[in-house]
Amino acid sequence: MAIILGIESSCDDTSASICIDGNIASNIVATQKIHAKFGGVIPELASRAHQQNIIPTVDEAIKVAKIHKNDIDAVAFTRGPGLLGSLLVGNSFAKGFALAQNIPLIEVNHMQAHILAHFIDNPKPSFPFLCLTVSGGHTQIVLVKDHFEMKLLGNTIDDAAGEAFDKAAKMLNLPYPGGPLIDQYAQKGNTNKFAFPEPQIAGLDFSFSGLKTAILYFLQKKTKENPHFIEENLNDLCASIQSKIVKILLNKLVLAAHQTGISEIAIAGGVSANSSLRRDLEFLGIKEKWNIFIPKFEYCTDNAAMIAIAGFQKYIRHDFCDHSVSPDPRMAVGLT
Ligand code: KG4
Ligand code: ZN
């Protein structure tokens, strides 16, 4: 029997999870509310909140899993990518815990972990598969050859998809993180009401900065004519923006599937919680004859269950690290 404690602290969520023989027994997430009023994550505040949250979060994960801390066989933590000050808290805690308990330490790549969240529940994707990983910091199309053998096929050249959602939301006077709110308002809106431009980027890379600028200029012009334009059109604005972002993402995913000939397709990361992306991918899956894999909501946004499952996969491979390991804020998902 292998019991793994997973620790996630790369951005603004402190999370701890217990994985018992590949099954998630607990997954506790302490979300930091403090950033909402600033319209984005303040790294210094995030790091301090992680310090306050980490011990109660780990205690809760152990309690919910109904185990004792002495039962834990290894501790896995997010090494990167992420905010240095945030990563340091999880990294230091994991090292201290491993040392005190005299158990192995396992480093986990946050972007790989988002993808490996698909190995928590059944059905699991089979190798090789493609994963569109869309979060607040990343937008990637990854060729997943094996659990830890990944190749980056496409990447954003500017903003990430989640960032595009959050920045658009900010322009619509919605609080941070605005992605889930755009999703919510879009349910009642008309996707064809407002037309925004589609970036013309060759290959499998993404760009969202042109869309962001187009939304900004459009809103400036419209609110000059009518100061209540945003409130009066919020649902349609959210629906039109969301459908454009989703279209950009799925068009590239289709291209990647055609180029590689792979029809085993997954999505991951915070933006994979988006209802339009999930629904449109289902339709596309039928049209393109893909096997699609959509994570449960709790495994889309940052969570330690994905760190614990990645840790479990490394544990069975005896892939441990030593205590000289330091956080890697710009850690790559795999080979480019
Ligand atoms: O994976 P994640 O929790 O953190 C990072 O690693 O960045 O992703 C957070 C991002 C935020 O940009 C948030 O607005 C976005 O995921 N997000 C959504 C939805 N839920 C979370 N974006 C659109 N629709 C959603 N339902
Ligand atoms: Zn993430």
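Per chain, the residues get numbers from 1 upward, laid out in the order the sequence is written. Written order determines the labels here, with chains lettered from A and ligands numbered from 1. Given that this is a predicted model, residues contribute local features only at a pLDDT of at least 70 and side-chain atom pairs are listed and counted only at 80 or more, while totals for whole chains, interfaces and linings are drawn from all residues. The side-chain numbers reported here are obtained from all heavy atoms of the structure, hydrogens and water having been left aside.

Caption draft 1: Quick look at the nonpolar core. We call a set of buried residues a nonpolar core when its members are Ala, Val, Leu, Ile, Met, Phe, Trp, Tyr or Cys and they connect through side-chain atoms within 4.5 Å of each other. To sort residues, take the accessible area from a 1.4 Å probe on protein chains only and compare it with the maximum for the residue type: under 20% means buried, over 50% means exposed, and anything in between is partly exposed. With 47 residues, the main nonpolar core has Leu172, Phe208 and Leu249 as its most contacted residues. Mapped by element, the contributors of at least two residues to this core are strand S6 (129–134), strand S7 (139–146), helix H4 (161–171), helix H5 (179–186), helix H6 (209–225), helix H7 (229–260), strand S9 (264–268) and helix H8 (275–288). Helix and strand definitions here come from DSSP, where helices need a minimum of 4 consecutive H or I residues and strands a minimum of 2 consecutive E residues; each element is numbered from the N-terminal end. A per-element tally of this core places H7 first, with 16 residues. Residues Ile4, Ile120, Phe129 and Tyr299 belong to the second largest nonpolar core, which totals 32 residues.

Caption draft 2: Just the site of ligand 1, in detail. Near, as used in this document, describes a residue that has one of its heavy atoms within 4 Å of the molecule or strand being considered. Near ligand 1 lie 19 residues; those nearest to it are Gly136, Asp166, Asp183, Asn274 and Asp302. Polar contacts here mean pairs of N or O atoms no more than 3.5 Å apart (in protein, one a potential hydrogen donor and the other a potential acceptor; neighbouring residues in sequence count only if both atoms are side-chain atoms). His110 places a polar side-chain atom, nitrogen or oxygen, 3.4 Å from an oxygen atom of ligand 1. In the environment of ligand 1, a nitrogen atom lies 3.0 Å from a nitrogen or oxygen atom belonging to the side chain of Asn274. For ligand 1, whose accessible area on its own is 550 Å², the fraction buried by protein is 90%. Listing elements by their share of the shell around ligand 1, those giving two or more residues are helix H3 (110–116), H4 and H5. A breakdown of the residues in the shell around ligand 1 according to their chemical character gives five nonpolar, 11 polar and three charged. Domain extents, as shown, originate in an automatic or database domain assignment. When we break the shell around ligand 1 down by domain, the ones giving at least three residues each are domain 1 (3–116 + 302–316) and domain 2 (124–295). Per-residue and other accessible areas follow the Shrake-Rupley method at a 1.4 Å probe size, with only the shown protein chains counted as cover for residues. Throughout, the ten residues Ala, Val, Leu, Ile, Met, Phe, Trp, Tyr, Cys and Pro are labelled nonpolar, Asp, Glu, Lys and Arg are labelled charged, and all others, Gly among them, are labelled polar.

Caption draft 3: Representation of empty space enclosed by the protein in the model. Grid spacing is 1 Å over the protein atoms alone, the probe is 1.4 Å, and a cavity is where that probe fits but cannot get out, while a pocket is an open set with protein on both sides within 12 Å along at least five of seven lines and lining residues have an atom within 4 Å of a point. Grid points are joined across faces, edges and corners, and a volume is the space filled by probe spheres set on the points. Tallied over the entire structure, the rule returns one cavity of 30 Å³ or more. Volume-wise, the largest cavity comes out at about 40 Å³. Around the largest cavity, the lining residues are Ala164, Lys167, Ala168, Met171, Phe208, Leu211, Lys212, Ile215, Ile241 and Ile245. Contributions of two or more residues to the lining of the largest cavity are made by H4, H6 and H7.

Caption draft 4: Main features of the environment of Pro175. Mapped onto the elements of the fold, Pro175 is located in the loop between H4 and H5. Classification of Pro175 by relative accessible area gives partly exposed; the value is 46%. In this structure, the C-alpha to C-alpha distance between Pro175 and Gly40, residues 135 residues apart in sequence, is 8.8 Å.

Caption draft 5: Inspection of the state of the cysteines at higher detail. In this description, a disulfide is simply a cysteine sulfur pair whose atoms lie within 2.5 Å. This structure, assessed with the given rule, holds zero disulfides. Distance from the sulfur of Cys300, which forms no disulfide, to the nearest cysteine sulfur (Cys131) is 10 Å. With no disulfide of its own, Cys321 lies closest to Cys19 among cysteine sulfurs, the gap being 17 Å. Owing to a relative accessible area of 16%, Cys321 belongs among the buried residues under this scheme.

Caption draft 6: Inspection of the sheet that holds strand S1 (residues 3–8) at higher detail. With mixed pairing, five strands are arranged side by side in an open sheet as S3-S2-S1-S4-S5. At either end of the open sheet lies a strand with only one pairing partner, and these are strand S3 (23–31) and strand S5 (105–109). Direction aside, the axes of adjacent strands within the sheet are offset by 20 degrees on average. When DSSP finds at least two bridges between two strands, those strands are taken to pair. As defined by bridge partners, S1 adjoins strand S4 (residues 74–80) across four bridges and the pair is classed as parallel. If you follow Ile7 over to S4, its bridge partner there is Phe77. Contacts were defined at the residue level, with two residues in contact if any of their heavy atoms lie within 4.5 Å. Axes, fitted as lines to C-alpha atoms, cover a helix only where it is in contact. Angles between the N-to-C directions of the axes lie from 0 to 180 degrees. Lying over the sheet, helix H1 (residues 43–64) contacts S1, strand S2 (13–20) and S3, oriented at roughly 25 degrees with respect to S2. The strands touched by helix H9 (residues 305–316) are S1, S2, S3, S4 and S5; relative to S1, the strand with the most contacts, the crossing angle is about 135 degrees.

Caption draft 7: Just helix H2 (residues 84–101), in detail. Each residue after the first adds 1.5 Å to the expected span of a helix. With 18 residues, H2 should reach 26 Å at 1.5 Å per residue; the first-to-last C-alpha distance of 25 Å fits that figure. Every buried residue of H2 is accounted for by Ser86, Leu87, Val89, Gly90, Asn91, Phe93, Ala94, Phe97 and Ala98. Residues of H2 that are buried make contact with S1, H1, S4 and S5. Of the residues flanking the end of H2, it is Asn102, one or two places downstream, whose phi is positive at about 60 degrees.

Caption draft 8: Quick peek at the sheet that holds strand S10 (residues 291–293). In space, the five strands of this open sheet follow the order S8-S7-S6-S9-S10, with mixed pairing throughout. Two strands bound the open sheet, and with one partner strand each, they are strand S8 (149–155) and S10. Looking at each pair of strands side by side, their axes are set apart by 25 degrees on average, direction ignored. Pairing between S9 and S10: three bridges, direction parallel. Looking across to S10, one finds that Ala266 is bridged to Phe293. Contacting S6, S7, S8 and S9, H7 runs over the sheet at an angle of about 160 degrees to S6.

Caption draft 9: Representation of the coordination of the zinc ion (ligand 2) in the model. Donor atoms: N, O and S within 2.8 Å of the metal, or within 3.2 Å for Na, K and Ca. Because water is excluded, sites can look incomplete. Every protein donor of the zinc ion (ligand 2) is accounted for by His110 (NE2), His114 (NE2) and Asp302 (OD), and the metal-donor separations fall at 2.0 to 2.1 Å. Square planar and octahedral sites, with four and six donors, are those where opposite donors lie more than 155 degrees apart and all other angles lie between 65 and 115, tetrahedral sites have four donors with every angle between 85 and 135 degrees, and the rest are irregular. Coordination at the zinc ion (ligand 2) is irregular: its four donor atoms span angles of 93 to 148 degrees at the metal. Look at where the donors of the zinc ion (ligand 2) fall in the sequence and you get H-x3-H-x187-D. A residue pair is termed a helical-turn pair when its members lie 3 or 4 positions apart in one helix, as His110 and His114 do in helix H3 at four residues. The class of His110 is buried, set by a relative accessible area of 6%. The class for His114 is buried, based on a relative accessible area of 1%.

By themselves, these are just geometric observations and shouldn't be taken as functional.
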